[in-house]
Number of protein chains: 2
Amino acid sequence: MISFDDAQKTVLSKKLETTPTQIPLLESIGNFYSADISADRNYPPFNRAAVDGIAFYWDGISPVKESYQIAGSIFAGEMWQKDIQAFECVWIMTGAPVPKQLNMLVRVEDISAQNNHIYFRKGLTFTRMQNIAKEGEDILKDTVVLTKGMRITPQHVSTLASLGYGFVPSYGFLTATILRTGNEITEPSTDVLAAWQIRDSNSFTIRSLLKDYPVTINMRSAQDTMEALVTQIEAGKHSNILILTGGVSAGAADLVPEALLACGFTCHFHKVEIRPGKPIWFGTHPTGCIAFGLPGNPFSVQIGVKVFVEPFIRACFNNRDKTFIHKILTHERLKKISFDEFIVADENIHGVCVKKHNGSGDISASLSSTGMIRHQAQKEKLEAGDTVDYYPWMINW
Amino acid sequence: MISFDDAQKTVLSKKLETTPTQIPLLESIGNFYSADISADRNYPPFNRAAVDGIAFYWDGISPVKESYQIAGSIFAGEMWQKDIQAFECVWIMTGAPVPKQLNMLVRVEDISAQNNHIYFRKGLTFTRMQNIAKEGEDILKDTVVLTKGMRITPQHVSTLASLGYGFVPSYGFLTATILRTGNEITEPSTDVLAAWQIRDSNSFTIRSLLKDYPVTINMRSAQDTMEALVTQIEAGKHSNILILTGGVSAGAADLVPEALLACGFTCHFHKVEIRPGKPIWFGTHPTGCIAFGLPGNPFSVQIGVKVFVEPFIRACFNNRDKTFIHKILTHERLKKISFDEFIVADENIHGVCVKKHNGSGDISASLSSTGMIRHQAQKEKLEAGDTVDYYPWMINW
């Protein structure tokens, strides 16, 4: 038996090498930056008109002239090439570059035009650089805006496009095999079930929790016999990561630990001081394959992925982000056992509160909750208002 | 000019017909249920052993016997077929069906076995149905667990698999064309830019905000000429939805409204009382195509998608979920104009707070914020502690 913190450390210490590559922008979402992302030039790249209007020069001291002569117009996508005299102005459209020698932009709503001259609305006040987005005020050239190891999120896509990252420095995919075990398990598409059969949900839970990670996932299944398990583990160990569900406890049908050892895996821990999820098994193979043996209960599978598999995958891509966030607990909670406990919980506007359910075997527990909280081993009581680690079920980038 | 609420109502009233279909479970994520999802049987489907141990019958009144004779064992995936006498018990493994005539399950840790008999650990207390997950306690047969119009989320996948939904009743995809306009716009992959050029980010913003929606997206681009716009709109109007960016304001190069009318679209509104994003144009074509003309500023595009395009798409699939959630504002805020304002904001453990940025043209504004809040037109002042509508940038299922 190993503590939760030690188990996490052990898992992270076995992180795999990954290979930097370039992936097309929209396909890179969910991957991780293999290099810093920086600005190739100033943003805006020029003094940019923030409104439609007329631009001219003002020294900021003498009164602004009553009228300016229109020297021409500038559209977005054009650069003004000519000189501009002190008595002249130019029409300029939103998004167009304001000529460097001009420092004033007055909105079209505040002027009138007549005989190639403009006149200002009465009572206007003027500020230099008004309505002009200054070159570099958004991002300066060479500024690092996103760093190696961060996850590539949908939120980044727009900035990456602006900065010219049609391809994003990220990583080649890892491979994983999910091996579900259990004589009672059938495919979800099975319409007619024997009374003792249940449909596989765990492998789908894992695939949905790992959705968008740069991991290619294969599926295998085995009956509860040494022969079936060894055959499937031998095939699955060609993946980088092998995730087994079920058969990992101490019952007479729990052959997974023995089968993994028979296939040449070394056990780094079996059983962790957490509830539920205690029987979790973790080991490595000399060929480099990493094996997670998760218990077969739906909630235990979710815990195993959230606290071990996800952090492990992130570590392989040099990402140290947590898979939890901090939330305020809205009620007190007494500890039931000396282990780290994970409890299904519901997010609300003030924080999170624990949800009642029947046990880790429930299939509806995750539907009727938004995530889970951790009640740490050493805390006998959590108070209302305490900050807790909250693991949302939904993608947590 | 139209109020924000009226503009939203107008958009939603034009929702398109969609076609129910069946989509494989993992591919259905992001789509919407076209039928209610219900349980095909009780869950658990039998009284299920929650631990490894021995099962026997107890009337709940007379003392539990000192010892029981082992009649056999039951593994997950097996159904006990024989009789069991009052002095007998069975070994049973976690997940296996407890025979109907038995109502007690004692953990393997609490017993010892000798000569085909089991004996209890001293001082044990007994409760009927202990360690047994009762048939139907999780979900009763025919219970509706997810309803038509809800969005299919990663969180549902596990339950859908358990209930036998290898294929999910959902909808065929809508088609959308994004038409970016502007002489200054180039592809993100353009390495060498003229000083006046900027790379396209808006179409990528839209595609990342609509990621996982059941919408197939095509890309087109047009220069700021009537001829180019009309050609591209004519091609794009074969999609269900046409989303234009740029060229929709009142400047001399803003030809989009005129081009849409020339192509046979009817304008339902142009200009909405919101800031930023005021120039938004919305119309429909007799062939059924719906057109959104969004301003070219990055922040205005995000607003247009979050408050109009996303709610519209959801409505087409009979989903009336909001694209915002409620959060507590952590500071007061005074209103600047009589319009509805959208302001970039940051989520924190206590709620949200407004973020400072240079304006709606900034490309870094969305990177350094987690979403935006709405300051309603009629509220002169928001107080610290007020509940506000918060639109997260990240997927909001």
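Conventions we followed
- Residues numbered from 1 in each chain as written.
- Chains lettered and ligands numbered in written order.
- Predicted model: local features only at pLDDT ≥ 70, side-chain atom pairs only at ≥ 80, totals over all residues.
- Heavy atoms only, no water.
- UniProt positions renumbered as here; feature names shortened; annotations may be inferred.
- Helix = DSSP H or I, 4+ residues; strand = E, 2+ residues; numbered from the N terminus.
- Rg over C-alpha atoms; globule rule 2.2 N^0.38 Å.
- Buried < 20%, exposed > 50% of the residue type's maximum accessible area, 1.4 Å probe, protein only.
- Contact = heavy atoms within 4.5 Å.
- Areas by Shrake-Rupley, 256 points an atom, 1.4 Å probe, with all protein chains shown as cover.
- Lys, Arg positive; Asp, Glu negative; His and termini not counted.
- Charge placed at Lys NZ, Arg CZ, Asp CG, Glu CD.
- Least-squares fit on C-alpha atoms with pLDDT ≥ 70 in both.
- Salt bridge = Lys/Arg side-chain N within 4 Å of Asp/Glu carboxyl O.
- Polar contact = N/O pair within 3.5 Å; in protein donor to acceptor, adjacent residues only side chain to side chain.
- Phe/Tyr/Trp six-rings, centres within 6.5 Å; stacked < 30°, edge-to-face > 60°.
- Arc of directions from axis to C-beta.

As recorded in an unreviewed UniProt entry, chain A goes by Molybdopterin molybdenumtransferase and comes from Cytophaga hutchinsonii. Taken directly from UniProt, the Pathway (unreviewed entry) text for chain A runs: "Cofactor biosynthesis; molybdopterin biosynthesis." UniProt, in its Sequence similarities (unreviewed entry) section for chain A, records the words "Belongs to the MoeA family."

The helix and strand tally for chain A stands at six helices and 28 strands. Relative to the 2.2 N^0.38 estimate, which gives 21 Å for 397 residues, the radius of gyration of chain A is 30 Å and therefore markedly larger than a compact globule would have. Its C-alpha atoms give chain A principal-axis dimensions of about 95 × 45 × 45 Å. Buried residues in chain A amount to 57% of all 397 residues. Across chain A, contacts joining residues at least 24 apart in sequence account for 70% of those joining residues at least 6 apart. Carbon and sulfur atoms make up 49% of the accessible area of chain A, which amounts to about 16,200 Å² in all. Between the averaged position of the 38 positive side-chain charges in chain A and that of its 41 negative side-chain charges there is a distance of 2 Å.

Its rotation angle being 180°, the transformation that places chain A on chain B also includes 0.0 Å of axial translation and leaves an RMSD of 0.0 Å. Such a combination of turn and shift is consistent with a two-fold rotation axis. For chain A, the minimum C-alpha distance to the rotation axis belongs to His350 of chain A and amounts to 3.6 Å. Looking at chain A, 100% of its interface residues are interface residues in chain B too, so the copies touch through the same face.

A few words now on the interface of chain A and chain B. Interface size is commonly expressed as the accessible surface area that is lost when the partners come together. Between chain A and chain B, the contact holds 80 residues from the first and 80 residues from the second. Counting every contact that joins chain A to chain B gives four salt bridges. Between Arg199 of chain A and Asp40 of chain B there is a salt bridge, with its nearest N and O atoms 2.6 Å apart. For the pair chain A and chain B, the interface holds 26 residue pairs in polar contact (both at pLDDT 80 or more).

This part is about the UniProt feature "domain: MoaB/Mog" (unreviewed entry) in chain A. The UniProt record annotates "domain: MoaB/Mog" (unreviewed entry) at residues 177-315 of chain A. Split by type, residues 177-315 of chain A is 32% helix and 27% strand. Its first and last C-alpha atoms lie 18 Å apart.

With that out of the way, let us pick up the packing of aromatic side chains. Under the defined criterion, the tally for this structure stands at 34 aromatic pairs over all chains. Taking the centre distance of 5.6 Å and the plane angle of 70° together, the rings of Phe292 of chain A and Phe312 of chain A count as edge-to-face. With Phe292 of chain A in strand β21 (residues 290-294) and Phe312 of chain A in helix α6 (residues 298-316), this residue pair connects regions lying 20 residues apart in the sequence. Comparing Phe292 of chain A with Phe312 of chain A shows no difference in burial state: the two are buried. Ring centres 5.3 Å apart and planes at 55° place the aromatic pair Phe324 of chain B and Tyr391 of chain B in the tilted group. Here Tyr391 of chain B lies in strand β28 (residues 387-392) and Phe324 of chain B lies in the loop between α6 (298-316) and β22 (325-328), a separation of 67 residues in the sequence. The exposure class of Phe324 of chain B is buried, given its relative accessible area of 19%. Since its relative accessible area comes to 1%, Tyr391 of chain B is described here as buried. Clustering of aromatic rings is evident, with ring pairs tying together Phe4, Phe269, Phe282, Phe292, Phe308, Phe312, Phe324, Phe342 and Tyr391 of chain A.

All right, on to helix α1 (residues 4-13) of chain B then. All names here are of chain B. Here α1 has its buried residues at Phe4, Ala7, Thr10 and Val11. Seen end-on, α1 carries its buried residues on one side only, within an arc spanning 125°. Residues of α1 that are exposed and angled more than 90 degrees away from the buried face: Lys9 and Ser13.

A separate point is the pattern of salt bridges. All names here are of chain A. Using the criterion set out here, one finds 46 salt bridges over all chains in the structure. Its salt-bridge partner being Arg121, residue Asp110 comes within 3.1 Å of it at the nearest N-O pair. Of this pair, Asp110 sits in the loop between β7 (104-107) and β8 (111-114) while Arg121 sits in the loop between β9 (117-120) and β10 (132-133); the two residues are 11 residues apart in sequence, bridging distant segments of the chain. The class for Asp110 is buried, based on a relative accessible area of 8%.

To continue, consider the environment of Ile280 of chain B. All names here are of chain B. With respect to the helices, strands and loops of the structure, Ile280 is situated in the loop between β19 (274-275) and β20 (281-284). With 14 residues separating them in the primary sequence, Ile280 and Leu294 have C-alpha atoms 5.1 Å apart. Once residues lying within four places of it in the same chain are set aside, the contact partners of Ile280 are Phe269, His270, Lys271, Val272, Ile274, Gly293, Leu294, Pro295, Gly304 and Phe308.

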